[in-house]
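# Results of the structural survey
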Amino acid sequence: MNTQIGKSVGEAVRLLRKGELIALPTETVYGLAGNGFVPEVVAKIFVVKNRPFFDPLILHTSSIDKIYSFVKEIPSPLQKLAEKFMPGALTLVLPRLSIVPDLVTNGLDTVAVRIPSHPLAQEVLQKLDFPLAAPSANPFGYISPTTAQHVYDNLKGKIPYILDGGTCNIGIESTIVGIENHKVTVFRKGGISLEQIQDVLKEHVVVRSYSSSNPKAPGMLLQHYAPRKPLKVGNLTELLQHYSTYKVGIMSFCQKIEKVPEEYQFILSSKADLQEATQRFFSGLRYLDAQNIDIILAEFLPEKGLGSAINDRLRRASC
Ligand code: TXA
Ligand code: MG
């Protein structure tokens, strides 16, 4: 199959209506999108991504009104979050209606729902009368894509069209929030920080974004977002000492490291800005993964705001 990169919303919509998959830009990461109401289309997503069927997908749509065509209700604490952060980098886990295929949710009675704010995603979704099932457009377990080129590098020949919406503004996946045991629970840290969520709810939320084997919410799987090269996370000075006989690549928050060649270093934000660091994070991992090195050494970011979401991904990408 010939894979085209282009900017035509019309072409994207035409293919989606035909039951094809496309790559869709969002402000978090690029999605691998198809008609979320048709099981045969949803099945293709799992095949192209090489993703286990037990890992449920997010349904994307363009407005809160449209959500009600496939969910029963938005429970009141989540309603507050929806008003504040939709459209945006928030995914809500909601009680689903039976129109949602079992394949989307792995048979769960809830479905994950997101309204992206990226203008091209919005344009596409507004034109459709079905939601789009869309996981990140990377092979299962690999680094999420934040440019059209990343998607092309991973999925060329497997999908007909990549809608090019530039570099993703936020750069990491959405924050997933639902209700568990009557408590607002964060299932995955992401582009909306915990602090932002707590600010709106005025209450403490449970964070359960870590689990090695619970297939209920496999975004929680431990080994995830990983480069092909081994990755170690910790104090860079200590790591450099420990791996002194290796050819290393470095991912640092804001400072250059002496003695490591510049092309093997990726600085996330020289002005120590967490937002900039987040936007460049997945590109940085991809850059280092492509270098002629043995191992990637990375350091944790300050454990606050988006830094905490990045640290979570670093922990899971490391071995
Ligand atoms: O930013 C994002 O969320 C991107 C863009 C493309 O929208 N999408 C994304 O999808 O990251 P994906 O498939 O890579 O991650 C979705 C995660 C799954 O791994 C799963 O753990 C969780 O969402 N999920 C889906 N349905 C769920 C449910 N009913 N309950 C709990 N978690 C669910
Ligand atoms: Mg993913």
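Further up the page is the structure itself.
To keep things clear, this report deals only with the structure shown in the data block. (Residues numbered from 1 in each chain as written. Chains lettered and ligands numbered in written order. Predicted model: local features only at pLDDT ≥ 70, side-chain atom pairs only at ≥ 80, totals over all residues. Heavy atoms only, no water.)

## Here's the deal with the packing of helix α1 (residues 9–17) against helix α6 (residues 119–127)
Taken N-terminus to C-terminus, the directions of α1 and α6 make an angle of 45°; their axes are 10 Å apart at the nearest point. When the interaxial angle is binned, α1 and α6 end up oblique. Between α1 and α6 lies a crossing whose hand is right-handed. Of α6, the residues touching α1 (which contributes V9, A12, V13, L16 and R17) are L120, E123, V124 and K127. The residue inventory of the contact of α1 with α6, partitioned by class, reads 6 nonpolar, no polar and 3 charged. (Axes fitted to C-alpha atoms, helices over the stretch in contact; angles between N-to-C directions. Helix = DSSP H or I, 4+ residues; strand = E, 2+ residues; numbered from the N terminus. Parallel < 35°, antiparallel > 145°, perpendicular 65-115°, else oblique. Left-handed = near helix turned anticlockwise from the far one by under 90°. Contact = heavy atoms within 4.5 Å. Nonpolar A, V, L, I, M, F, W, Y, C, P; charged D, E, K, R; others polar.)

## Quick word on the sheet that holds strand β14 (residues 265–267)
Reading across from one edge, β12-β15-β13-β14 is the order of the 4 strands in this open sheet, with parallel pairing throughout. Sheet topology places β12 (231–233) and β14 at the edges, where each strand pairs with a single neighbour. Taken over all neighbouring pairs, the strand axes of this sheet differ in orientation by 15° on average, direction set aside. As judged from the 3 bridges shared by β12 and strand β15 (residues 295–298), these two strands associate in the parallel manner. Within β15, the position partnered with V233 by the bridge is A298. Its contacts with the sheet put helix α10 (residues 274–289) on β12, β13 (248–252), β14 and β15, and the angle it makes with β14 is roughly 175°. (Pairing = 2+ DSSP bridges.)

## Describing the pattern of salt bridges
Applying the stated rule across the entire model yields 12 salt bridges. For R96, the salt bridge identified is with D102, shortest N-O distance 2.7 Å. K256 is paired through a salt bridge with E262; the nearest N and O atoms lie 3.7 Å apart. When sorted by exposure, K256 lands in the same class as E262, which is exposed. Linked through salt bridges whose partners overlap, the residues forming this network are E303, D312, R315 and R316. (Salt bridge = Lys/Arg side-chain N within 4 Å of Asp/Glu carboxyl O. Buried < 20%, exposed > 50% of the residue type's maximum accessible area, 1.4 Å probe, protein only.)

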